[in-house]
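Descriptive analysis of the structure
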Amino acid sequence: MAAVKINEIHKNDLPWIIEYDESKCIQCGKCVAACSFNAIRPAVELRKSNSITNKGKAERVLVIKQNLSLDNYCRGCGMCANVCPNGAIKAVRNNDDRYSVVYRAVKADSFKKGGRSNLNTEGRTLDKIKIGRISQMTDPSLDAQRHTFELKTPFGRVLKADKLNFDVKDGNIIETTQLPPNRWIYPVIFGDMSIGAVSWRMWEAMAIATAYLNEVMGIPIRMCTGEGGIPTKLLKSRYVKYMILQIASGHFGWNRIIKAMPDMTEDPAGILIKIGQGAKPGDGGLLLASKVARYVQEIRGVPKADLLSPPTHQGLYSIEESVQKMFLSMNAAFNFRVPVAIKVAASVTSVSVYNNLLRDPYNIVGGFFLDGLAAGTGAAHEISLNHTGHPITSKLRDCYLAAVHQGRQGEIPLFAGGGLGQSGSFAADAFKLICLGANGVFTGRMLMEIAGCVGSDTGKCNACNTGLCPAGIAAQNDNLVKRLDVDKVAQNLVNYILATDIELKKLMAPIGCSTLPIGRSDALITVDKHISNRLDIQYGC
Amino acid sequence: MCRIGAIKSKRKLHPSIALKLMRSQQEGHDDSGFAFVMQDMGGLFENYKDLPLLSMAAAVEGTRLAEDILRETGFSRVMQWSPDINNKKGLKIEAMPNYMFEALQYPKSYKHATKEEKEELLIDTAIRLRKTLEETNSGFIYSFWPDTLTLKEIGSPRDIGTYFNLWEGNKDLTASIITAQCRQNTNYDIVRYAAHPFFLEGYTGLVNGENTFYEKNREYQESLYKGYIGFESDSQCILYTLHYINKILKWPLKYFKHTVTPLSYDEIIQREDSEILLRIKASLANLEINGPNTFLAVTPDKELLCVCDSKKLRPVVIGKDDDTVIMTSEVAGINDLMPDRDITKDIYPNEHETVVVKDDLTIERWQQ
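This is a predicted model, so every value here is computed, not measured.

A few points about the overall build of chain A
Regarding its fold elements, chain A presents 16 helices and 23 strands. At 26 Å, chain A has a C-alpha radius of gyration in line with the 24 Å of a compact globule built from 541 residues. In terms of principal-axis extent, the alpha carbons of chain A reach across some 110 × 60 × 45 Å. Burial statistics for chain A: of 541 residues in total, 50% are counted as buried. Taking the intrachain contacts of chain A between residues at least 6 apart in sequence as the baseline, contacts between residues at least 24 apart amount to 77%.

What follows is the structure, given as C-alpha cells:
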C-alpha cells in the first residue's frame, strides 16, 4: 500500500480546484501574475517523454500548479481564466471540500472571511412577494414614460402635524419654533463602506457618482462614508452636502472631521451613528492589518494594526442614555442643522429600540437604518456571518407596524438594507421594502457588484477581508487597486441608478402611484402563506 | 364611474333638484344607490337650526335602541319628520322599515355648555348610536348634527326618488346646500355607509375617484381622531383629512390641497413658504391621496370646496347663475338646471386649484 498522509493539506480539502490543460498553455505566466491570492505557482514536473528522439527518457515540463495551503488557497475568483489567452486554466468548485473543518482543526482559530453569508438556505422572502395590485379601468395605471413621478423621501425627524407648533397669521401658517432638521433625498443611499474596507479608487468612484447624480442628473442620492473618515479636501468642499458621515464605536476618522469643522463650507447630508450591522450583529467592525494602507492610517489616525471597532459603544448601557448622549453630541456638533440617524442590525429586539426612539420626547433621532441578515461585510468571522442576524423584511415590517400602532408612522424614517438585489433586481427589492414601510433603502454590496466584484453568494471569492481583492475593490495593494478604473466604475454606478430610477417608475406606474408608495402593502401579494400571515399582506396562488 | 354634484343657492331648494342634476349624468349610475346631504335647512327644519338633527334608517329594534340611548343621554325630541313613502310595486329599492329625522334638545346639563362641549357630546353620541346599531344589525345613523339632514338608500336612484316622493318639489324639505351622488361606492360591499356624501361634524365630502393611498390614509387616520371610523370607502379618508386640517389643526382651508396633493419638492423649494410646505409634506405624508380624484366638500362655514388630484384625472365643472352655484361631474347636469347661464363663465378647475364658493356665492380660485 502506498503511504497516504491523511493529515496534510490536499487539493480535495480546498473549496476550489484548479483545472489546468498543459497542452493549451503557452507558459506566458499571466495567470500567476493575476492571482492575488498566490494560489497557483509555476512548477516543473518530471515526466517520461513521448517524443521520438527522447522516448522513454525523463524530461522536465513547465506547468502551473495549485498551492496547497490554508492561507494561499484558491477562492475561485476566476482571474486566471480571465487572463489566459488560450483557456488553459480555470477554477472548478469542489463540492466536497473540507476547508472549514481543516482550517479550524489546524489553526485553532475562528475562520474569517469577507463578502457575504454563504448559507442562504431559507430562500428569499422578497422573491416570493409580487406587486399584485394593478390599477386598471376607473383607477388608471400611470404611464412611466409620460407622467411625472416624485422619488423623494424625508430624511430627518418628522413631527406629527399637531406638534409642529404652527401659528396662523393673515391666513398663512408661520413657524414658531425651531424644528428638527429634515431633508428630502432619493430613496436609495450608497452605504456605508469605509475607506479601508474598500480601496480608495472604489470609494472615490462612489463619491464621484454621488456628486454626478446630484449635480448633473438631478437625483438627490446620498452616500454614507462608513466608519473610516473622509478625505479632508472633500470635507471642506461643497460636495460634502451629499455625504452622510458615519460614526461608529471605533470613532475612526473623527479626529480629522472635528479638526476640519471650522473650515467646512457646507453641512454634511447627515450623521449616521452605527450601533450594529446586519452581516455580523453584535460584532464590531474589523479591518485586518493587511488592509491598513498608509493613507488609511493617515485618514484614521492609526498605526498599521488590526482595527477593531468594539461591539458596543463604550460607556453606554441603555437605549435612552446611550442614544441621547450620542445623538445630542452629534446634533450639537452641527448646531442641530443636520439629521442624525442610527444604524442597527435587524434583530428580534429592533422594534423595542425603534419604539423607544419614537417615544423620545426630544425628537433627536432622524432616521432608523435597519440592516438585515444578508448584508455584505468587509470582514467577519464566518460563524457570525453565516449564523447570526435577522432577515430584513419581517423586521422592517414589524418596525413599521409598531409605528402604525402608535399612530407615528413616518416620524422616524425607516431605511432598510441587507442583501438587496441579491437575485438580480435591486429596484424590485427596494420597491417591495418601500411598500412594506421603508422610506428608502441602502446598499453597499450592490455597488461592489456594479464595480465588478467577482464574488457570489455561493462561496466564490469572498475574500474582501484579505486586502487581496482580485478586482481591486476591497484591496489596498497598489497593483490590485490599479485594476479598477475610477471613471468607469463611477459611470457604471450612475448608469445603474438611472436604470433603477426607470425601473422604480415602472413599478409605481401600474399601481397608480406618482409618489413613493411608502407603507402601501396593499399593493403587494405573496405566493407564500406564511409570509402572508407574517407581513400582513394578501396571499395569492 | 361615479358622478357627483353639489348645489349651493341663495334660495332654499328641494332635493328633487339633486335628482334632476344627476339624471342626465346617469351613464354613471348602476342602480346601486342614491344619497344626499342637506345643510342650511329651510322648510320644516328652518326653526330648529341650532338643535342637533338626527338622520337614521333603522329596523324597529334599532329605532327603540336609538331612542333609549338618546333618552339616557338626556336628549329630548323637539320635532320629528318622516318622508311620505310611495311603496308601489316594482321599485328597485332595498328600503329600511323606518326613516327618522328628528330635531333634539340638548340635555339640561348642557344649558350653559360651550359650543365645543356640545360638539363633543354629539360626536360621542353618534359613535355610540352607530356602534349599538351595528352590533345589533338594526340600523344606520347617517348624521347627528345641527342643520344637517342625510338620506342614503340602496337601489335605483330613479326608484329611490319615487319611493320617497322626491321627484316633486315641496316647501317642507328644503335647504340651501345639497350634495348628492347617484350610486354606491361599488369597490367594496354595497352597504349604506359606503355611499357618498360622507358627513362629519359639519363637513360633507363626496368623491369621484379612486384613492390609491387608501391603506396609508386609513392606517394613519384610525388613531388620529375618534370620529374617523367606518372606512367603508376610500373616499371617506379625504373628508377626514379635510376635517383634520381645518377643524383639528385649525389650519386655513388652502392647506388642505397642500396636504392631499402636495407640490413636488422641486416646485416647493422655489417658493417663499417652502419651509412650511415641506414640513406639511413630511408630517402629513400619510394623508396624501394618489390616483384619480375629484373631491367636493361643504364646510361648517357653508362654503363649497372643489379640489382635484395632482394629475387632474377626473372631470368636474362649476356653473353659476345669479342665485345658485353648481359643482358637478358633467356639464350636462348644469345645462339641465341652468340652461340660461353664461357658459363662458363655467369653471373647469385644474390640478393645482382649489375652488371655493363663499357663503355669499362669490367664487374664489386659489392656485396651489
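Back to the write-up after that little detour.
Details of the overall build of chain B
Along its length, chain B carries 10 helices and 16 strands. What you see for chain B is a C-alpha radius of gyration of 20 Å, in line with the 21 Å of a compact globule of 368 residues. With the C-alpha coordinates of chain B rotated into their principal frame, the extents come out at 60 × 45 × 35 Å. Counting over 368 residues, chain B shows a buried share of 52%. Taking all contacts inside chain B whose residues are at least 6 apart in sequence as the whole, residues at least 24 apart take part in 73%.

Overview of the nonpolar core
With 152 residues, the main nonpolar core has Ile473 and Leu493 of chain A as its most contacted residues. Excluding its chain neighbours within four sequence positions, the residues that come into contact with Leu493 of chain A are Ala205, Met206, Ala209, Leu447 and Ile450 of chain A. Formed by 111 residues, the second largest nonpolar core is a distinct cluster that contains Ala180, Ala195, Leu206 and Ile289 of chain B.

Observations regarding the interface of chain A and chain B
If you look at the interface, chain A gives 35 residues, while chain B gives 32 residues. Mapped by element, the contributors of at least two residues to the side of chain A that touches chain B are strand E9 (172–174) and strand E10 (182–185) of chain A. Tallied by class, residues from the side of chain A that touches chain B come to 13 nonpolar, 14 polar and 8 charged.

Brief notes about the sheet that holds strand E2 (residues 34–41) of chain B
Sheets are built from strands paired through backbone hydrogen bonds, the pairs being either parallel or antiparallel. Residue and element names in this part refer to chain B. Strand order in this open sheet of 6 strands is E7-E2-E8-E1-E14-E13, and the pairing throughout is antiparallel. Edge strands, defined here as strands with exactly one partner in the open sheet, are strand E7 (148–153) and strand E13 (317–320). The sheet shows a mean angle of 15 degrees between the axes of neighbouring strands, taken without regard to direction. Sheet analysis places E13 next to strand E14 (residues 324–328), joined by 4 bridges and oriented antiparallel. Its bridge partner lying in E14, Lys320 is registered against Val325. Against the sheet, helix H1 (residues 16–23) touches strand E1 (4–13), E2, strand E8 (175–181) and E14, its axis set at about 140 degrees to E1.

Brief notes about helix H6 (residues 236–248) of chain B
Helical periodicity: at 3.6 residues per turn, an α-helix aligns residues three or four positions apart in one direction. Residue and element names in this part refer to chain B. Of all 13 residues that make up H6, 11 are buried, and the element is covered over most of its length. Within the sequence span of H6, burial applies to Gln236, Cys237, Ile238, Leu239, Tyr240, Thr241, Leu242, His243, Tyr244, Ile245 and Asn246. Where H6 is buried, its residues touch strand E9 (198–200), strand E10 (203–209), helix H5 (214–221), helix H7 (254–260) and strand E11 (293–298). Positive phi appears at Lys250, one or two residues downstream of H6, with a value of about 60 degrees.

Focus: the packing of helix H12 (residues 426–435) of chain A against helix H15 (residues 486–508) of chain A
Residue and element names in this part refer to chain A. Where H12 contacts H15, the axes come no closer than 9 Å and their chain directions differ by 50 degrees. Taken together, the axis directions place H12 and H15 in an arrangement best described as oblique. Along this stretch, H12 crosses H15, giving a crossing that reads as right-handed. Residue-level contacts link Phe426, Ala427, Ala428, Ala430 and Phe431 of H12 to Thr500, Glu503, Leu504 and Leu507 of H15. Taken together, the residues of the contact of H12 with H15 break down into 7 nonpolar, 1 polar and 1 charged.

Some details on the sheet that holds E10 of chain B
All names here are of chain B. The sheet built from 6 strands is open, its strands ordered E9-E10-E11-E12-E15-E16 with antiparallel pairing. Each end of this open sheet is capped by a strand with a single partner; those strands are E9 and strand E16 (363–367). With direction set aside, neighbouring strand axes in the sheet form an average angle of 20 degrees. In this sheet, strand E15 (residues 353–357) lies alongside strand E12 (residues 304–308) in antiparallel orientation, the contact comprising 4 bridges. Bridge assignment links Leu304 to a residue of E15, and that residue is Val357. Across the sheet, H6 lies against E9, E10 and E11, angled at about 140 degrees from E10, the strand it touches most.

Notes on helix H3 (residues 115–135) of chain B
With 21 residues, H3 of chain B should cover 30 Å at 1.5 Å per step; its first-to-last C-alpha distance of 30 Å lies within 8% of that length. Taken together, the buried residues of H3 of chain B touch strand E3 (52–58), helix H2 (60–73) and strand E6 (139–146) of chain B.

Section: the packing of H2 of chain B against H3 of chain B
Residue and element names in this part refer to chain B. The N-to-C vectors of H2 and H3 enclose an angle of 150 degrees; their axes lie 10 Å apart at closest approach. Regarding the angle of H2 to H3, the classification is roughly antiparallel. Crossing hand, H2 versus H3: right-handed. Between H2 and H3, the residues in contact are Gly62, Leu65, Ala66, Ile69 and Thr73 and Thr125, Arg128, Leu129, Thr132 and Leu133, respectively. Classifying every residue of the contact of H2 with H3 by side-chain character gives 5 nonpolar, 4 polar and 1 charged.

Concerning the domain arrangement of chain A
Residue and element names in this part refer to chain A. What the domain assignment reports for chain A is domain 1 (11–109) and domain 2 (127–158 + 184–539). Inter-centroid distance (C-alpha atoms) of domain 1 to domain 2 is 39 Å. Taken together, the contact pairs 8 residues of domain 1 with 9 residues of domain 2. Class assignment of the residues belonging to the side of domain 1 that touches domain 2 gives a composition of 4 nonpolar, 3 polar and 1 charged.

Considerations on the pairing of E12 of chain B
In summary, the side chains of a regular strand alternate between the two faces of the sheet. Residue and element names in this part refer to chain B. Most of E12 sits out of view: 5 of its 5 residues are buried. Side chains Leu304, Cys306 and Cys308 of E12 all project onto a buried face; the interleaved residues Leu305 and Val307 project onto the opposite face, where all are buried too. As paired strands, E11 and E12 are joined by 5 bridges and run antiparallel to one another. Each bridged residue has a counterpart across the sheet, and for Val298 the counterpart in E12 is Leu304. Counting the residues in the hairpin turn of E11 and E12 gives 5 residues, including Lys302, whose phi is positive at 65 degrees.

Observations concerning unusual backbone geometry
Apart from glycine, the bulk of residues carry a negative phi angle, and the bulk of peptide bonds sit in the trans form. Residues and elements named next belong to chain B. Cis geometry marks the peptide bond from His196 to Pro197, where omega comes out at -5 degrees. Counting through the fold element by element, Pro197 comes out in the loop between E8 and E9. Even without a glycine there, the phi angle at Asn137 is positive, about 50 degrees. Owing to 9 C-beta atoms within 10 Å, Asn137 belongs among the exposed residues under this scheme.

Quick word on the environment of Val404 of chain A
Its location among the elements puts Val404 of chain A in helix H11 (residues 392–406). Taking C-alpha positions, Val404 of chain A is 9.8 Å from Gly437 of chain A, a pair spaced 33 residues apart along the chain. If sequence neighbours within four positions are ignored, Val404 of chain A has contacts with Gln409 of chain A together with Glu219 of chain B.

Cut-offs applied
Residues numbered from 1 in each chain as written. Chains lettered and ligands numbered in written order. Predicted model: local features only at pLDDT ≥ 70, side-chain atom pairs only at ≥ 80, totals over all residues. Helix = DSSP H or I, 4+ residues; strand = E, 2+ residues; numbered from the N terminus. Rg over C-alpha atoms; globule rule 2.2 N^0.38 Å. Buried ≥ 20, exposed ≤ 12 C-beta atoms within 10 Å, placed from the backbone. Contact = placed C-beta atoms within 7 Å. Core = buried A, V, L, I, M, F, W, Y, C linked by C-beta atoms within 7 Å. Nonpolar A, V, L, I, M, F, W, Y, C, P; charged D, E, K, R; others polar. Pairing = 2+ DSSP bridges. Axes fitted to C-alpha atoms, helices over the stretch in contact; angles between N-to-C directions. Parallel < 35°, antiparallel > 145°, perpendicular 65-115°, else oblique. Left-handed = near helix turned anticlockwise from the far one by under 90°. Expected span 1.5 Å × (residues − 1). Domains from an automatic or database assignment.

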